[in-house]
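# Remarks on the overall topology
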Amino acid sequence: MAQATPTPTPPLRGAALDKEVQRLMAEGHVPGFALAVIENGKVVHLRAYGERDTQKKLPLTVDTVMYAASITKAAFSYSVMSLVDRQRLNLDTSIADLLPKPLPDYPKYTDLTDDPRWRKITPRMLLSHSTGFPNFRSYPPDGNGYDPNSKLKIYAEPGSRFAYSGEGINLMQFVLENGQDTDVVTLMQKQLFTPFGMTHSSMTWRKDFADNLAIGYDESGKPLGHKQRESARAAGSMDTTISDYAKLLAGMVRGDGLSAKTHAEWLKPVQRIRSIQQFPTLDTATTTDNDGIKLSYALGVAVYQSPQGPAWFKSGHEEGTNNLALCLQQSRNCVLIMSNSSNGESIYKYVIDAALGPSCFPWFWESDIPYDHPEWRRPEHRNQPHPPCGAPQPQPTAA
């Protein structure tokens, strides 16, 4: 399905961009918002707006520690590619050959004892969310929400389709640590945090973070605090700052630390995506909305064809946290957004347009519903067209 090409508009910079972000924050009820803009692989705009603690009226700064949530996955996948670059990991080897004993022999994975399909799973499948796992075992697709006693199951043939899975990313970490003698905390520190100067980033909580820490807020502005994560999880335990992650993102779009071949492999499409939205992960309903941009998943990031060439992105969503990293690979221009509010995603589309110009970001697939169109959150709107390159079209009226 062809996508309408947006009329190009010059991206905003400096005070004009600041003014637009602050306007959107006020209209979208976003208490804290941080923004970095990268041009040709260099950070050219780095700002923090609003408050990190509304009760104490403490300002959000570019060095405020914020929860990375799932943009941790993009960083983790990039560090894994350094192992591929050094021929220490083959992306298409079965995890059965990467572990010293069968996966179900480990207590955490005994649920898979009677399902031999686990042997088909490879690192490429783990990083491209095509294992057939749910997002997390405690949220089974055939259940009624959170179930702490739910067993891990493979719901789709490994490699057959995209289904976002934190379980899969964490299994990649498990394979590295239990079968490849690679500690993920050490790997990310060596490959990312140290070379990119990320001095306020960690996969686990550090006491010194408490001096400048963002409190998360839900849609109504209720404070949710900040979890102090004591164990490293590749799927999303990182704490970082907009300043630190912007350095990393600039390095990632430049391809620093990887050969050109491996960097291209990292961004090569693995699974075409035709799901209506990213969640629920194993929903079988499909759409043609994103066919025109060839929305797909690569290794740890989603990829698509924008009006400005190949693009890739990764978001991070948790109650009280909304983050997004989006890069246009050809120009090496990127936007990085970090917010301590569940309302942050409601202004994504407009901030991206202001900072990058037309990008055809698949906002509806990401469930980043604009604040001024709350009706698009209603269940019936999942069946209506929401093209990423133009205004959503009204559903035809039955004759």
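Scroll up for the structure.
Quick summary incoming for the structure in this document. (Residues numbered from 1 in each chain as written. Predicted model: local features only at pLDDT ≥ 70, side-chain atom pairs only at ≥ 80, totals over all residues. Heavy atoms only, no water.)

## As for the pairing of strand 1 (residues 32-39)
For clarity, the cut-off: Only protein chains enter the accessibility calculation, which uses a 1.4 Å probe. A residue is then buried if its area is under 20% of the maximum for its type, exposed if over 50%, and partly exposed in between. The helix count covers DSSP runs of H or I at least four residues long, the strand count covers runs of E at least two residues long, and both are numbered beginning at the N terminus. We call two strands paired when DSSP finds no fewer than two bridges between them.
Within strand 1, seven of the eight residues are buried, which leaves the element mostly enclosed by the surrounding structure. Two strands pair when backbone bridges link them, and strand 1 and strand 2 (residues 42-53) are joined in this way by eight bridges, in the antiparallel orientation. Looking at the pairing, Glu39 lines up with Lys42 of strand 2. Remark: two residues form the turn of the hairpin made by strand 1 and strand 2, two consecutive strands paired antiparallel; Asn40 in that turn has positive phi of roughly 50°. Taken together, the six bridges between strand 1 and strand 13 (residues 333-339) define a ladder with antiparallel strand orientation. Residue pairing for strand 13: Ala36 is matched across the bridge by Leu336.

## As for the pattern of salt bridges
Put simply, the rule reads: Each reported salt bridge corresponds to a side-chain nitrogen of Lys or Arg within 4 Å of a carboxyl oxygen of Asp or Glu.
A complete count under the given rule lists 20 salt bridges for this structure. As a salt-bridge pair, Arg124 and Glu265 come within 2.9 Å of each other at their nearest N and O atoms. Residue Arg124 is located in helix 3 (residues 123-127), and its partner Glu265 is located in helix 7 (residues 260-266); the two are separated by 141 residues in the primary sequence. Residue Arg124 is classed as buried on the basis of its relative accessible area, which comes to 15%. With relative accessibility at 21%, the residue Glu265 sits in the partly exposed group.

## Some remarks on the nonpolar core
As a reminder of what qualifies: Residues enter a nonpolar core if they are buried and are Ala, Val, Leu, Ile, Met, Phe, Trp, Tyr or Cys, with the set joined through side-chain atoms within 4.5 Å. Here, two residues are considered to be in contact whenever any of their heavy atoms come within 4.5 Å of each other.
The biggest cluster of nonpolar side chains holds 71 residues, and the ones touching the most others in it are Phe76, Tyr245 and Trp312. The dominant element in this core, judged by the number of residues it contributes, is helix 2 (residues 71-85), at nine residues. Ignoring anything within four residues of it in the chain, the contact list for Tyr245 reads Ile71, Ala74, Ala75, Met198, Met238, Thr240, Ala325 and Leu336. One finds Leu17, Tyr49, Tyr304 and Cys360 within the second-largest nonpolar core, a separate group that totals 40 residues.

## Considerations on unusual backbone geometry
Residue Pro280 is bonded to the preceding Phe279 through a cis peptide linkage, with omega at 0°. By the secondary structure assignment, Pro280 is in the loop between strand 8 (271-272) and strand 9 (296-297). Positive phi is not limited to glycine here, since Gln87 has a value of about 60°. One non-glycine residue, His129, lies in the positive phi region at around 60°. Of note, His129 is situated in the loop between helix 3 and helix 4 (166-179). Look at His129 and you get buried, because its relative accessible area is 1%.

## Overview of the state of the cysteines
Inclusion rule: Criterion for a disulfide: a pair of cysteine sulfur atoms at a distance within 2.5 Å.
What the rule picks out here adds up to two disulfides. The disulfide partner of Cys327 is Cys334, and the S-S distance across this bridge is 2.1 Å. Its S-S torsion of approximately 105° makes the covalent link between Cys327 and Cys334 right-handed. For Cys327, a relative accessible area of 0% gives the class buried. The partner cysteine of Cys360 in its disulfide is Cys389, sulfur to sulfur 2.0 Å. The chirality of the disulfide connecting Cys360 with Cys389 is right-handed, given an S-S dihedral of about 130°. Pair noted here: Cys360 is in the segment after helix 8 (348-356) and Cys389 is in the segment after helix 8, with a separation of 29 residues, a long-range link. Residue Cys360 is classed as buried on the basis of its relative accessible area, which comes to 4%. For Cys389, a relative accessible area of 9% gives the class buried. In the protein, the cysteines engaged in disulfides, taken in order along the sequence, are linked 1-2, 3-4.

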